[in-house]
Amino acid sequence: MKIIGITGGIGSGKSVISAELRKAGYPVYDTDAEAKRLIVFAPEVRAKVEQLLGKDVFSGNTYLTARVAERVFADRALLHQLNAIVHPAVRLDIEQQVQHVQKPFFFVESAILFESGFDSLCDFTVCVTAPEEERIRRVITRDHTDIDSVRARLRAQADHADQADLVVCNDGKTSLSELAGQIVRTFNHS
């Protein structure tokens with residue numbers, strides 16, 4: 001079995017390609033969704049997050065991400081401390097889930113694949129790209145935000161195309177099933 005990391009900037013389409021891989025029957029670990037699950041339901045992770053940020057970042061079993069973002073993006077040291085709690089828990093969860101996979105591929109989707117060090121778990125990495133104007137259009141449509149906010153978010157993100165083993169351009173001209181197939185075919189023979 002090969003572990004393949006999928007990354008890409010906001011609006012690139014990494015999540016829709018991951019969804020296509022799921023439809024094709026491959027397991028895809030969404031690090032963002034799984035991190036939120038671990039923060040809420042893994043008692044040791046939740047306790048550490050509460051100790052760091054306070055109990056008011058939870059409302060029952062809901063992790064109040066907007067409240068958290070407001071705090072950690074204003075204080076880089078706090079963000080670093082939060083990542084030091086969450087990233088190891090996610091890494092361990094990936095390692096545990098991989099042990100039960102009976103498929104030829106296990107995909108790890110992460111916007112911060114390289115920054116988090118999750119790429120070190122992967123045999124190969126894929127960077128999903130798209131033309132900037134297409135990315136902006138997608139994010140404005142999805143998030144109902146303005147162009148300046150989207151451009152600022154794009155500038156804040158690193159481009160990992162030069163670090164990836166494969167770069168896939170999701171420009172809207174090639175079907176998602178073809179892009180997913182391209183990924184599978186590329187690594188099927190590696």
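This one's a predicted model, so the numbers in the text were calculated from it and none came from an experiment.

Quick notes on the nonpolar core
Move 1: Counting 32 residues, the largest nonpolar core has Val49, Leu53, Tyr63, Leu82, Val90, Ile94 and Phe106 as the members making the most contacts within it.
Move 2: Counting only elements with at least two residues in this core, the list comes to helix H2 (31-41), helix H3 (43-53), helix H4 (65-72), helix H5 (76-98), strand S5 (105-109) and helix H6 (113-116).
Move 3: Looking at this core element by element, the count peaks at nine residues for H5.
Move 4: Among residues more than four places away in sequence, those in contact with leucine 82 are Val49, Leu52, Leu53, Tyr63, Val68 and Val72.

Some words on the layout of surface pockets
Move 1: Reported here for the largest pocket is a volume of approximately 1700 Å³.
Move 2: In terms of lining, the largest pocket is formed by 47 residues, of which the most central are Asp32, Phe73, Ala111, Ile112 and Gln157.
Move 3: If you list the elements that add at least two residues to the lining of the largest pocket, you get strand S1 (2-8), helix H1 (14-23), H2, H4, H5, helix H7 (132-143) and helix H8 (147-156).
Move 4: Of all the elements, H5 adds the most residues to the lining of the largest pocket, at seven residues.
Move 5: Grouping the amino acids of the lining of the largest pocket by side-chain chemistry returns 20 nonpolar, 16 polar and 11 charged.
Move 6: Looking at the second largest pocket, its volume works out to about 180 Å³.

Rules used in this analysis
- Residues numbered from 1 in each chain as written.
- Predicted model: local features only at pLDDT ≥ 70, side-chain atom pairs only at ≥ 80, totals over all residues.
- Heavy atoms only, no water.
- Core = buried A, V, L, I, M, F, W, Y, C linked by side-chain atoms within 4.5 Å.
- Buried < 20%, exposed > 50% of the residue type's maximum accessible area, 1.4 Å probe, protein only.
- Helix = DSSP H or I, 4+ residues; strand = E, 2+ residues; numbered from the N terminus.
- Contact = heavy atoms within 4.5 Å.
- 1 Å grid on protein atoms, 1.4 Å probe; cavity = no way out; pocket = protein on both sides within 12 Å on 5 of 7 lines; lining within 4 Å.
- Points joined across faces, edges and corners; volume = space filled by probe spheres on them.
- Nonpolar A, V, L, I, M, F, W, Y, C, P; charged D, E, K, R; others polar.

Any functional reading would require information that these geometric values do not contain.
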